[in-house]
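Here is how the chains run, residue by residue.
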Amino acid sequence: MNSVVSVQALSKVYATGFKALNNVSLDIRRGEIFALLGPNGAGKTTLISTVCGIVNPSSGRVLVDGHDTVADFRKARDRIGLVPQELTTDAFETVFATVSFSRGLFGKPRNDAYVEEILKELSLWDKRDTKMMALSGGMKRRVLIAKALSHEPEILFLDEPSAGVDVALRRDMWAMVRRLRERGVTIILTTHYIEEAEEMADRIGVINGGELILVEEKAELMRQLGRKQLVLELGSRLPSIPPALADYDLELSPDGDALTYTYSTQNGTTGIAALLRDVDAAGLDLRDLRTRQSSLEEIFVELITQKQ
Amino acid sequence: MNIHAIRAIYRFEMARTIRTLLQSIVSPVISTSLYFVVFGAAIGSRISEIDGVSYGAFIVPGLVMLSLLTQSISNASFGIYFPRFAGTIYEVLSAPVSFVEVVLGYVGAAATKSIVLGLIILLTAGFFVPLRVEHPVWMLCFLVLTAVSFSLFGFIIGIWADGFEKLQLVPLLIVTPLTFLGGSFYSIDMLPPFWRAVTLFNPVVYLVSGFRWSFYGKADVDVGVSLTMTLVFFALCIALVAWIFRTGYRLRN
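Residues numbered from 1 in each chain as written. Chains lettered and ligands numbered in written order. Predicted model: local features only at pLDDT ≥ 70, side-chain atom pairs only at ≥ 80, totals over all residues. Heavy atoms only, no water.

(A) Here's a closer look at the overall build of chain A. Counting its regular elements, chain A contains 10 helices and 14 strands. The C-alpha radius of gyration of chain A comes to 24 Å, more than 25% above the 19 Å expected for a compact globule of 308 residues. In terms of principal-axis extent, the alpha carbons of chain A reach across some 80 × 45 × 35 Å. Here chain A holds 308 residues, and 49% of them are scored as buried. Summarising the internal contacts of chain A: among those between residues at least 6 apart in sequence, 69% fall at separations of at least 24. Surface exposure of chain A reaches about 14,100 Å², of which carbon and sulfur atoms provide 47%. Averaging the locations of the 38 positively and 44 negatively charged side chains of chain A gives two centres separated by 7 Å. (Helix = DSSP H or I, 4+ residues; strand = E, 2+ residues; numbered from the N terminus. Rg over C-alpha atoms; globule rule 2.2 N^0.38 Å. Buried < 20%, exposed > 50% of the residue type's maximum accessible area, 1.4 Å probe, protein only. Contact = heavy atoms within 4.5 Å. Areas by Shrake-Rupley, 256 points an atom, 1.4 Å probe, with all protein chains shown as cover. Lys, Arg positive; Asp, Glu negative; His and termini not counted. Charge placed at Lys NZ, Arg CZ, Asp CG, Glu CD.)

Written as structure tokens, this is what we have:
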């Protein structure tokens, strides 16, 4: 596996005694979009902050492109761009100045043409001379992204990038993330919006209580954990599930006009064919049928609930 | 060495100074000018010469030192505290910069501002009192060394402080009294022997004395001792800043 970030047995205990990370190990593949999901206080931001050098780990280590983030911090941090969760900006700086500042801070020579390119890509060029305090929340979020991209990083961390932004901007950001991935940038994002992970991620990690519960390909995760349901819409209402169908995992709708059958695709047989035969034998009249698959959000909630 | 980062931080801090020109430069110059008017021209004319120097001229090095200390601490402490307060410090902490580069940027800018201010105050003093500088090179050495040392001290306060009140605590309760009692407005030879001995425990005495020597060739304590004490304070501050960045104290925890 071509790992660009390797987190090895990382733990973080704050001075208050709160254990934010507990022996976390994780490998991020070069060029992938990795989504880290977890409830509030799960350890997502601490994990990102530790990888980026903002927080000292209590134990364990992190390699970025083979460089230790403590012993060889220059080469490790040089490759990383970070968009923080909070809208932390220098209120009195102009957009152009603050993005140029970030580029210099990461050791890159001044390059106004490149900064212009980023600002145009993020629809910020018209605001280049505007002070940060005069920008809306969504615009500030764009500036934070521009700052993170100003030094041409190979790895981009997006900590809750969609927090507080409208739908249009969210879709713009998703498009930008895809463009970055096409250029070979590795993206690691944390999010509360499951649809965001579902929409973009190649792999998904779930963290809870400072522990990484699982890391899986998104498609595989949905295949393994995603339950499917077959809804049978009936021509006439039933007072209860007929005894002939009692062996199936069926649920009758409150008004008695639909039966929902829950099944899994992991096993060799789904039982659908047998169910339909038995429904026909029981003399039930079918008006329509449809299937639905559980969303990533349902999978996520299930995982967290199981853990608790 | 990440020269681009040092330049970025330095320029950012200097831009802040220019944005707040009234507060940064004009305000301290007006305050110091008032000292000259009150102590130099009004009261000073009724006080006899000290070591052959008119009272108005005698207090110039002390007043410059007073501004230099307070402004160095204030500039550097605010420079690093505000990004911590606003949260923008994340960018410096995640950047490929060592503590030396961070310090060169923040402390360099704070010291530059203080030195410029000190020189402006000296020029202003020239309008009120007759001024002479016997050892201009040493005067500049003391000016730079004191500005850098106390900017480092301010930087440490800016990292230690966890609120605006604490940010003001050390300058108000410790530095200003020590400066006033450190011979800024008098020669410590004018004190009774007991209080003179006590005053020698005040580190500001050595700064003011050495600085005044560079003007008039006369000092309360030997100039070599003054220089040594300043260098010791500078080294202590450097060591403390290095420890802060090595442990991540109040920055990475």
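Let us keep going from here.
(B) Quick peek at the packing of helix 6 (residues 136-160) of chain B against helix 10 (residues 223-247) of chain B. Residue and element names in this part refer to chain B. Close contact between helix 6 and helix 10 brings their axes to 9 Å; oriented N to C, the two are set at 30 degrees. Between helix 6 and helix 10, the crossing angle belongs to the class labelled roughly parallel. Note that helix 6 runs across helix 10; the crossing there is left-handed. Looking at the contact of helix 6 with helix 10, its residues break down into 21 nonpolar, four polar and no charged. (Axes fitted to C-alpha atoms, helices over the stretch in contact; angles between N-to-C directions. Parallel < 35°, antiparallel > 145°, perpendicular 65-115°, else oblique. Left-handed = near helix turned anticlockwise from the far one by under 90°. Nonpolar A, V, L, I, M, F, W, Y, C, P; charged D, E, K, R; others polar.)

(C) Main features of a nonpolar patch on the surface. Residue and element names in this part refer to chain B. A cluster of nonpolar side chains, contributed by Val37, Val38, Ile43, Ile47, Phe127 and Phe128, occupies part of the molecular surface with about 550 Å² of accessible area. Listing elements by their share of the nonpolar patch, those giving two or more residues are helix 2 (21-43) and helix 5 (99-128). Looking at which element gives the most residues to the nonpolar patch, the answer is helix 2, with three residues. With respect to the helices and strands, the residue isoleucine 47 is situated in the loop between helix 2 and helix 3 (55-86). (Patch = residues over 30% accessible without salt bridge, like charges linked within 9 Å, V, L, I, M, F, W, Y side chains within 5 Å. Salt bridge = Lys/Arg side-chain N within 4 Å of Asp/Glu carboxyl O.)

(D) Looking closely at the nonpolar core. Ranked by internal contacts, the top residues of the largest apolar core, which has 101 residues, are Val7, Leu156, Phe157 and Ile187 of chain A together with Phe155 of chain B. For this core, the two domains that each supply at least three residues are domain 1 (3-223) and domain 2 (226-307) of chain A. Those residues in contact with phenylalanine 157 of chain A, other than ones at most four positions away along the chain, are Ile48, Val51, Cys52, Ile80, Gly81, Leu82, Val83 and Ile188 of chain A. Counting residues in hydrophobic clusters, the runner-up holds 44 residues, among them Leu63, Ile115, Phe185 and Val204 of chain B. (Core = buried A, V, L, I, M, F, W, Y, C linked by side-chain atoms within 4.5 Å. Domains from an automatic or database assignment.)

(E) Quick look at the pattern of salt bridges. A complete count under the given rule lists 23 salt bridges over all chains for this structure. Between arginine 203 of chain A and glutamate 32 of chain A there is a salt bridge, and its shortest N-O distance comes to 2.8 Å. Residue arginine 203 of chain A is found in strand 9 (residues 203-208), and its partner glutamate 32 of chain A is found in the loop between strand 2 (19-29) and strand 3 (33-37); the two are separated by 171 residues along the sequence. Take arginine 203 of chain A and glutamate 32 of chain A: they sit in the same class, and that class is buried. As a salt-bridge pair, arginine 19 of chain B and glutamate 93 of chain A come within 2.8 Å of each other at their nearest N and O atoms.

(F) Quick peek at the packing of helix 3 (residues 95-105) of chain A against helix 4 (residues 112-121) of chain A. Residue and element names in this part refer to chain A. One way to put it is that helix 3 packs onto helix 4 with a least axis distance of 10 Å and a crossing angle of 120 degrees. What the angle tells us is that helix 3 and helix 4 run oblique. Viewed along their axes, helix 3 and helix 4 form a crossing whose handedness is right-handed. Here helix 3 contributes Val95, Phe96, Val99, Ser100 and Arg103 to the contact with helix 4, which in turn contributes Asp112, Tyr114, Val115, Glu116 and Leu119. Split by residue class, the contact of helix 3 with helix 4 holds six nonpolar, one polar and three charged.

Note that all results are geometric; they support no functional claim without further evidence.
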